[in-house]
Structures are given as structure tokens and as C-alpha cells.
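For reference, the chains in residue letters:
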Amino acid sequence: AGGITARPTAGAPRLTDTRSDEAERGITIKSTGISLYNEVTAEDISDERMAQVKDSDGREFLINLIDSPGHVDFSAEVTAALRITDGALVVVDCIDGVSVQTETVLRQALGERIKPVVTINKLDRGFLELQLDWESMHAAFVKHVENINVIIATYRDETMGDLQVYPEKGTVSFSAGLHGWAFTLPMFARMYAKKFGVSEDKMTERLWGDNYFNPAEKKWTKTGDSAHRAFNMFVLDPIGKIFSACMNDQMDKLQKMLVSLNIKLTKEDLELQGKQLLKRTMQRWLPAHKALLEMMILNLPSPHASQKYRTELLYTGPVDDAAATGMKNCDPNGPVMLYVSKMVPTSDRGRFHAFGRVFSGTIQAGVKLRIMGPNFVPGKKEDLYEKSIQRVVLFMGRKQEPVESVPVGNTCGLVGVDQFLVKTGTITSAPDAFPMKDMKFSVSPVVRCAVEPKNPQDLPKLVEGLKRLAKSDPMVVISIEESGEHIVAGAGELHMEICLKDLQDDFMNGAPLKISEPVVSYRETVTAETEVECMSKSPNKHNRLYFKALPLGDELTDKIDQGEITPRDDFKLRGRLLADEYGWDVDIARKIWAFGPDISGPNLICDATKAVQYLSEIKDSVVAGFNWVTKEGVVAEENMRGICFQVLDVTMHADAIHRGGGQIIPTARRVMYACEYISSPRLMEPMFLVEIQCPETAMGGIYSTLNRRRGHVFEENQRPGTPLYNVKAYLPVAESFGFDSDLRAQTGGQAFPQCVFDHWQLMPGDPMVEGKLRDELVAGIRKRKGLTPELPPLDRYKDKL
């Protein structure tokens, strides 16, 4: 237990569940870091196996561990943790198998070039509750490992080689976290290798898959009956025998086994009964820390190894400058490069520790460093501060230990930089270093609530509280509407609940809040190309802009969303790609002026003009208008998605003074609104992917609940070896509030749903024609934002010649 907690209580104190609500709900909500030092003895890992571990001299290891949440609403915390680690231990339930989260987490890990190892957990349930026979247990394990490998193969990065996991190679372990025991196949092979007189590696391979041992003839065969399968006989059977002896109080039987396994229990241990006795015996025989530590040390990369292949992915600058070289070589004497991936609130109200990882150099207190925020552009001054760090701390679960300096490859906390960073950022000592790449979250904040204080004099408290909330959670988005409402946006119902509870209790000292019903953000798009080009005149009637709008298409929009096509790409390569795959005109595809909203959003503005003079002078003004428009569309002032605007022609006044920003920006905005207005606009709503686990009897309840909420099921499979079904369905986010409780009521609490944001889908119905969509939904959104309920007339935007 890393020398921090006593052996009998190991696993019970939950050092990384630091918050009271984490303890009472029994789930992790925030990622928590802890640094553990271990010395490995020769009997744990033999000398020849230590020789395989690269980059290590000696037997002392420091493991920086980050405990991150499993619930899919908090997957942003997982992203923040993955950015600053090199390997991941993925925990899979031996009964439930691979779920939505497992896939999300693996996809994020492989996207960040992180090497996964897997543990199949909750084995005690298989032995005690379900009392499966050995063959079906083995079959279940094989299936889980296959499922995991399918996901790894789907999302793998070519440069990383084969990352699939295999029990016989020691990259899959089997554990029971609650009872604190675990094993890997090499551990069992060591026990048997001497007896059979073969090498450990050979024995390990025989313990998995189709290898059978016939005790009568003492021969190994490739075929046989399930009782003689090596895994069942040599691994599951001894564990099963101990389980039955402990649970049935057969002390004499147990004593014999303890002697033969060379396990020494103290007198007090032997007085325990049932589960307690079982737990103590298994902990003595197969302690979890040995299996997991061995698996991590032998299979996960050291910072020295991992930064060689991760640097090109993380660093935005040239691959050969001083900072990149320091990161690649993991050089403790190079320039300091540190990525802050999240802010951790401290016991001192309103102050935060910046939690991050040193990628190059050595960080120490009192040295002046450059702090670059996420909006920093090299060469400019915005979002850049030069400040010294007050203190450096190590994270130990709920406590922080002050240290003098932290060398490369470790995680640490910094005190005194929280005023300069919102959520993430890069800290460096090299004046010419570029920032590290921003994190890409796999979920988007689609559930929004408006908050206001019950007593108006608490308003300053609320504003301050919202600032702190935005700092403390990597995902939350805080915005202020024009009507003066404060909006909090989160990833799902549970996430919102936790955020609002934090806001009220921690960041506002318990001041009461009024919280609106959750609302959903929509997106606006067009479904047809503009038939007639739209023209608008500037306020002084000297400039005219001619535009048209067309839909980008789902495939291209998703590509931009996933960051495969970005504004930073080389324009010739990007132009070629658009021309070849999506049939664009090459000239137009090369002249994409901007992506919007927010620099990299899924809308484009392109220059399709022929021979217009001085066009470059008004480019900035048009792009400014475009960014404004894509943030607030014409239908309901929601963000736009999947629209491409083309500038067809521009007539300008010859005198530069008459074509300044004040003339061009409002004109560009009006003409783009006109284009959207007549290109048959539609609303898109966010959809959740729901995965439900349930017995067959509850299927009817699921279908009826989903049908009432405009959901539809697209896949259902039965889990082999269990009476449970896995149902996957799409459900509009707008209909998902209260879905959990409703579903449990319909199925008598037998179905467990998990929702994760999946995609945007066109809403049926035209928001321009009168009907339910226009008169209820659109009018409702417009009213909430303080606009007129009916849409403005077209001639407000489109001018006649």
C-alpha cells in the first residue's frame, strides 16, 4: 500500500475520494492525483525480468497515479488526466463487460497515444453471487478481452504499433478490488513452473486459451474437456477451493491449503469468519498491489520512452526547437515545459492549485516563467503572463506535500498561478517556446441551466462563484445571455447536479439559488443552396456584398468537429482533400478565409470572387461579421453548424475611409442572415446515445419509455452467459431530463441507462412554416432570449438594387 496506510485497512480508506459526496455516493467525480514510491524486491520481480524494463536503473519506482471517474458525464476529467499520464489501467467489470464508457475512455487514451493495460474486476461476484462454473467464467473473460482488443484495433495510432492486450503476455490482470486481491497469469506460472520443470514464459502461455492437461497421463494437449483446461484447473480451481472452504467454515481443509500454498495467517486472522476470513486469506496469497505494480512496471512506458512519440502530438511548434527537443529527450536540464491540465480547489476558499505535468526541465519555486493560456498566439502578447511560482507541491490524495523542485516526467501542483489561467495552459521558461495543444473533449456541454440568486444582494457572490466553478471543472461553460441571465452548461444531468451543488455549497458559502429548468442548446443549419444570390448594402450605401450559402454535408462537418480538418492545415493540401473527396472547386477550396464560431467551428467562409480589387482590406471585417453570425443564427440566435458561406462579388467605394469596419461588419452580418433565411434553414438538436442493461422482462418498459420520448432503439444483443440484454438507442437530449427515474419506474428498477452525447440530428419540421416547431419551440427560445417571438421579415436583411 505504498507505505501510507496499514495493511489490514488497505483499500478501505479510499485516499483519492477527497470530497464528501464522492464518499457517500461511492463514485469518483474529480480526478485526484497521488504520487506513490515503491521499492520492488527480487522475489516480486526476478532479475531477468527487471532486465526487460527499459530506462530503469535499480529497483525503485515512483508512480504518479491519477484516479479518474468512470461515469460518462465526467469524461472531461478523464481527458484532463490522460493528457498528463503515459499509461492507463482500464478497469472492466467481469460480469457487465465492455460498456459505453470503456469504449469512450479507450478511444480518448489511444487518441492521446497512451498505452492501455486492462484489469478484469469484481471476480468475487463471479465466485460468490453468480457461482458460475469455471468454463463459463473462462469464456466470459475471453470475450471481454476480445471486445477490448476490437476497440483498441479500431482506434489505434499507426506509429504506436500493436497495443492490444493479452493475458498470456501479462497485460491483462484479474482482480477483486473490494477484497483487495488480484493476479496475473505470470504470477501463477511462477508457482507452477518449478513443479512442471518448464520456463515461466512457456507456462504462462499454457495457462490461457485452448491448452489442456491430463493428470492421469501427465501430458499437455490442445484438445480436451473443460475440466482439464489449464486456466480452469490451475487458476480458477485453487481460488474456488479457498472460496468454498472459507464460506463453509471448513477450517481443517483451509489449514491444509494454507500450508501447501505457504501462506502464514496470524492467530487473529484465523478467528475471522466467512467473507472477512476469505478477504484476509486472498490478500495474503494474491495481494492486489503486487499484481498491479508488476503489470505497470513491466508493461507501461516510462516518461523517457513515452515522450519520444507523444511530443509531436502535443507540441504545436516546430519539432526541432529547444522546447521540443527537451520534451523528446525528457531532459531535466532543458527549458521548463509544463502543461496544466486542471485546477484543483484548495481548502483556502477561492484559491486553486494548478495540477499538471513537467514535460521538460525541472520546475522550482521562485523562478520567473512564462504562463501561456489557451488563447495565446505565438508572437502576440494576449493571454501571456510572466510571473514567478510561489510554491510547488506534490499531490497525495487529499493532502499536498510541499517540495523544492519537481523534475521532468512527474505530476505536481503549483501555487500562485491560478489568477492567470482559467482551466488549462502551458508554463515555460523558453522565450520562443510554443504552447502545447489544447485538449479535445469527447462530450460537448449540451445541457444548460440559468441560475440567479434568491436575494439580489448575493449577485456579486454568484458572479465570483461562477468564475470559480468554471476554473474547477474542465468541461463547464459559463456564459451571460443578453437578457442578463447566467447560464451554466454541462455534459449531462448528473454533471449539472454536481456542478450546481458545488456552486451553491462551496463557491457561494451556501447562499440560496433559483435554478431554472434545464434547457438544451440547438444548432441552426441550411438544407439547400441559396437559389438567388443575396445582396446587402452598407449603411452609407457605398458598398455592396453579394453572398450565397450552402450546406457542408454531414461527413465534412463531423471531420471539422473531430479536428481532422483545421484552420491550421496547409491550404493547398486541404484544398486538394476537399476537391477530391467532397467535389469542391479547387480554387474556392484553397481560399477558405475562416472557420467559425471560435476559430475552429464547423462553418466556413470562402472567397469565390473573381478579380475584386482591395478585397484583402475588408477580409478582416467580413470574418468578424462571420464570427458574429455563426454564434447567433437568424432563426433562434443559436450557433450555426455545417454552413458554408461564399463571397460571390463585392463592390466597394474607392475611398478607404468609406469602407471601414463600421460599414462592412453589419453589412456582412445582414447578408449572411439573408442567405440563411432563404436557404431553407432547419434546427438541429443534440442526441444522446443511451446504453441500457436489463433483463428480458424489462424490455417492454424500455420500448414504451423511449417511444414516449422520441427515442429509437437501433441495436439489442443478449450477453452470452447471462440473462441480461444490452440495448442501444438514440434519445434527444431535450427529452432526457428525468429519463433515468422514469425508466426505473417503468421497469421496476431493473434497467440501468447510461447517456453520452453522440451527434447532432436535424429536427423534423420547418421553423419558418407555422406549426408546433415554430410556434412553441422557436418562439419559446426567442422569448427566453428576450427577442420578438416571431421571426423578423426577410427585407430587413436583403436589400434590392
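This write-up is about the structure you can find in this document.

Calculation notes
Residues numbered from 1 in each chain as written. Predicted model: local features only at pLDDT ≥ 70, side-chain atom pairs only at ≥ 80, totals over all residues. Heavy atoms only, no water. Helix = DSSP H or I, 4+ residues; strand = E, 2+ residues; numbered from the N terminus. Rg over C-alpha atoms; globule rule 2.2 N^0.38 Å. Buried < 20%, exposed > 50% of the residue type's maximum accessible area, 1.4 Å probe, protein only. Areas by Shrake-Rupley, 256 points an atom, 1.4 Å probe, with all protein chains shown as cover. Lys, Arg positive; Asp, Glu negative; His and termini not counted. Charge placed at Lys NZ, Arg CZ, Asp CG, Glu CD. Core = buried A, V, L, I, M, F, W, Y, C linked by side-chain atoms within 4.5 Å. Contact = heavy atoms within 4.5 Å. Axes fitted to C-alpha atoms, helices over the stretch in contact; angles between N-to-C directions. Parallel < 35°, antiparallel > 145°, perpendicular 65-115°, else oblique. Left-handed = near helix turned anticlockwise from the far one by under 90°. Nonpolar A, V, L, I, M, F, W, Y, C, P; charged D, E, K, R; others polar. Disulfide = S-S within 2.5 Å. Pairing = 2+ DSSP bridges. Expected span 1.5 Å × (residues − 1).

### Some details on the overall build of the protein chain
Okay, step 1: On a plain count of helices and strands, the protein chain comes out with 25 helices and 34 strands.
Okay, step 2: A compact globule built from 801 residues should have a C-alpha radius of gyration of about 28 Å, and the protein chain, at 30 Å, falls within 12% of that.
Okay, step 3: Projected onto its principal axes, the C-alpha coordinates of the protein chain cover approximately 100 × 65 × 60 Å.
Okay, step 4: Here the protein chain holds 801 residues, and 51% of them are scored as buried.
Okay, step 5: Roughly 36,500 Å² of accessible area belongs to the protein chain as shown, and the carbon and sulfur atoms make up 50% of that amount.
Okay, step 6: Taking the average location of the 97 positive side-chain charges in the protein chain and that of its 109 negative ones, the two points are 2 Å from each other.

### Some thoughts on the nonpolar core
Okay, step 1: Formed by 59 residues in total, the largest nonpolar core has its most connected members in Phe 141, Trp 181 and Ile 239.
Okay, step 2: The element contributing the most residues to this core is helix α9 (residues 230-247), with 11 residues.
Okay, step 3: Setting aside residues up to four positions removed in sequence, Trp 181 forms contacts with Leu 123, Phe 127, Ser 175, Ala 176, Ile 239, Phe 243, Met 282, Gln 283, Leu 286, Pro 287 and Ala 288.
Okay, step 4: Ranked by size, the runner-up nonpolar core spans 57 residues in total, among them Met 343, Val 476, Val 733 and Trp 760.

### Thoughts on the packing of helix α6 (residues 134-154) against α9
Okay, step 1: One can describe the packing of α6 onto α9 by two numbers: an axis separation of 10 Å at closest approach and a directional angle of 110 degrees. Comparing their axes, α9 and α6 come out roughly perpendicular. The hand of the α6/α9 crossing is right-handed. Counting all contacts with α6, which are made through Trp 134, Glu 135, Met 137, His 138 and Phe 141, the residues of α9 involved are Phe 231, Asn 232, Leu 236, Asp 237 and Gly 240.
Okay, step 2: Residue composition of the contact of α6 with α9, grouped by class: five nonpolar, three polar and two charged.

### Some thoughts on the state of the cysteines
Okay, step 1: This structure, assessed with the given rule, holds zero disulfides.
Okay, step 2: Its sulfur unpaired, Cys 499 is 10 Å from the next cysteine sulfur, which belongs to Cys 449.

### Some points on the sheet that holds strand β25 (residues 534-537)
Okay, step 1: Judged by pairing direction, the sheet is mixed, and its five strands sit side by side in the order β25-β26-β30-β28-β27 without closing on themselves. Looking at which strands have only one partner, the edges of the open sheet turn out to be β25 and β27 (592-596). In this sheet, neighbouring strand axes are inclined to one another by 25 degrees on average, regardless of whether the strands run parallel or antiparallel.
Okay, step 2: Sheet topology places strand β28 (residues 603-607) next to strand β30 (residues 643-651); four bridges connect them, and they run parallel. Along β30, the bridge assignment pairs Asp 607 with Val 647.
Okay, step 3: Helix α21 (residues 615-631) rests against β26 (544-551), β27, β28 and β30 of the sheet, and its axis sits at about 20 degrees to β27.

### Concerning unusual backbone geometry
Okay, step 1: Although it is not a glycine, Lys 122 sits at a positive phi angle of roughly 65 degrees.
Okay, step 2: At Arg 710, a residue that is not glycine, the phi angle is positive and equals roughly 60 degrees.
Okay, step 3: Note that Arg 710 resides in the loop between α23 (699-708) and β32 (712-718).

### Observations regarding the pairing of β25
Okay, step 1: Every second residue of β25 is oriented toward a common face, with Cys 534 and Ser 536 on one face and Met 535 and Lys 537 on the other, all of them buried.
Okay, step 2: Two successive antiparallel strands, β25 and β26, enclose a turn made up of six residues, where Lys 541 displays a positive phi of approximately 65 degrees.

### Notes on the sheet that holds strand β3 (residues 87-93)
Okay, step 1: Strand order in this open sheet of four strands is β3-β4-β5-β6, and the pairing throughout is mixed. Each end of this open sheet is capped by a strand with a single partner; those strands are β3 and β6 (181-184). Taking the axes of each pair of neighbouring strands and ignoring which way they run, one obtains an average angle of 25 degrees across the sheet.
Okay, step 2: Sheet analysis places strand β5 (residues 172-176) next to β6, joined by four bridges and oriented antiparallel. By the bridge assignment for β6, Phe 174 is matched with Phe 183.

### Side note on helix α13 (residues 288-299)
Okay, step 1: Taking 1.5 Å per residue, 12 residues should reach 16 Å; α13 reaches 17 Å between its end C-alpha atoms and fits that length.
Okay, step 2: Those residues of α13 that sit buried are Ala 288, Ala 291, Leu 293, Glu 294, Met 295, Met 296, Ile 297 and Asn 299.

### Remarks on the pairing of strand β31 (residues 681-695)
Okay, step 1: The buried count for β31 comes to 14 of 15 residues, which makes it a mostly enclosed element.
Okay, step 2: Here strand β24 (residues 523-526) pairs with β31 via four bridges, running antiparallel. When the bridges of β31 are listed, Val 526 appears paired with Pro 681.
Okay, step 3: With nine bridges connecting them, β31 and strand β33 (residues 724-732) associate as antiparallel partners. Counterpart to Met 687 in the pairing with β33 is Pro 732.

Coordinates in, geometry out; function isn't part of it.
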